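So you can see what is in the structure, the chains are spelled out below.
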Amino acid sequence: SIPRNYSLLWTHGGGNGQFSAVPLNLFKEGKPAGYYINGTWSNKSSIEAEKFGLVENINGNNDDWSIIEKEYSYLYFCSNETVDGIEFREDGFPLPDKNSFNSPVVVDMSSDLFSKSLDWSKIDVAFACAPKNFGIPGSAIVIINNELFDNYEDNNNEVIPSLLDWRILK
């Protein structure tokens, strides 16, 4: 039940490709990205994002969302850290309500896409690598709130490889 105001993209590069695509498409000059580190995959994606801009890691052992006090280029979560972390679920440990901050929310759902109901009002971008869930290795699905495309002028990165540029893939 993806809302009509979201686009579905079939992309190359799998989940690791999206670890690069996210910062390339969403970093804003002068604003760090916030990465909620709650396990292996969120940590790996944070390390990749540091290649493209300033990243602030948020301690993932805390469910007190008041720790997110500032506006980021985007906030990044991994919804199910299967290796050694926690899972975000609306019936358990939910993602924070976006009304408490003004940052797009990106969720790596490689381990749980299509396995639970979602409150899409809390998510601007969701992606999942295909091999774990539904498709061919080396591919990914990206689900994007179309409002992000309307605000693309905020992104001053003019050198996004075509393979990772969501505007081209849309």
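Note that the coordinates shown come from a computational prediction; the quantities given were computed from them, not determined experimentally.

Draft legend 1. Region of the structure containing the overall build of the protein. Looking only at helices and strands, one finds four helices and seven strands in the protein. Helices and strands appear in the protein in the N-to-C order β-α-β-α-β-β-β-β-β-α-α. Residue burial in the protein is summarised as follows: out of 170 residues, 51% are buried. Summarising the internal contacts of the protein: among those between residues at least 6 apart in sequence, 63% fall at separations of at least 24. Of the roughly 8,100 Å² of accessible surface on the protein, a fraction of 49% belongs to carbon and sulfur atoms.

Draft legend 2. How the structure looks around helix α1 (residues 14-26). Under the 1.5 Å per step criterion, the end-to-end length of α1 is 18 Å for 13 residues, consistent within 8% with the ideal 18 Å. If you look at α1, its biggest bend is around 25°, right at serine 20, and the proline proline 23 turns up within four residues after that. Within α1 the residues assigned to the buried category are Gly14, Gly15, Gly17, Gln18, Phe19, Ser20, Ala21, Val22, Pro23, Leu24, Asn25 and Leu26.

Draft legend 3. Region of interest: the sheet that holds strand β2 (residues 33-37). Pairing in this open sheet of seven strands is mixed, and the strands run β1-β7-β6-β5-β4-β2-β3 from one edge to the other. Strands at the two margins of the open sheet, each flanked by one partner only, are β1 (6-12) and β3 (55-59). Shown here is a sheet whose adjacent strand axes are inclined to one another by a mean of 20°, direction ignored. Relative to β3, β2 runs parallel, the two being bridged by five bridges. Looking across to β3, one finds that alanine 33 is bridged to valine 55. Its contacts with the sheet put α1 on β1, β2, β4 (75-78), β5 (105-108), β6 (125-129) and β7 (139-145), and the angle it makes with β6 is roughly 155°. In the packing of helix α2 (residues 40-49) onto the sheet, contacts are made with β2, β3, β4 and β5, and the angle to β2 comes to roughly 155°.

Draft legend 4. Focus on the pairing of β7. Along β7, seven of the seven residues are buried, which leaves the element largely enclosed by surrounding structure. Neither face of β7 is left uncovered, since the one carrying Ser139, Ile141, Ile143 and Asn145 and the one carrying Ala140, Val142 and Ile144 both have all their residues buried. Inspection of the sheet shows β1 paired to β7 by seven bridges, in the antiparallel sense. Among the inter-strand pairings, tryptophan 10 is bridged to a residue of β7, identified as isoleucine 141. Looking at chain direction, β6 and β7 are connected through five bridges and run antiparallel.

Draft legend 5. Up close: the side chain of serine 110. Here serine 110 shows up in the loop between β5 and β6. Within the structure, the side chain of serine 110 is placed 2.8 Å from the side chain of aspartate 108, a separation counted as a polar contact. Among the polar contacts made by the side chain of serine 110, one reaches the main-chain amide nitrogen of cysteine 129 at a distance of 3.0 Å.

Draft legend 6. The nonpolar core, seen in detail. In this structure, Val22, Tyr35, Tyr74 and Trp166 are the most contacted members of the largest nonpolar core, which totals 24 residues. Those elements that place two or more of their residues in this core are α1, β2, β6, β7 and α3 (147-150). The element best represented in this core is α1, accounting for five residues. Look past the residues within four positions of tyrosine 35 in its chain and what remains in contact with it is Val22, Pro23, Ser42, Ser45, Ser46, Ala49, Val55, Glu56, Asn57, Ile58, Tyr74 and Tyr76.

The rules we used
- Residues numbered from 1 in each chain as written.
- Predicted model: local features only at pLDDT ≥ 70, side-chain atom pairs only at ≥ 80, totals over all residues.
- Heavy atoms only, no water.
- Helix = DSSP H or I, 4+ residues; strand = E, 2+ residues; numbered from the N terminus.
- Buried < 20%, exposed > 50% of the residue type's maximum accessible area, 1.4 Å probe, protein only.
- Contact = heavy atoms within 4.5 Å.
- Areas by Shrake-Rupley, 256 points an atom, 1.4 Å probe, with all protein chains shown as cover.
- Expected span 1.5 Å × (residues − 1).
- Bend = angle between axes of the 7 residues up to and from the residue.
- Pairing = 2+ DSSP bridges.
- Axes fitted to C-alpha atoms, helices over the stretch in contact; angles between N-to-C directions.
- Polar contact = N/O pair within 3.5 Å; in protein donor to acceptor, adjacent residues only side chain to side chain.
- Core = buried A, V, L, I, M, F, W, Y, C linked by side-chain atoms within 4.5 Å.

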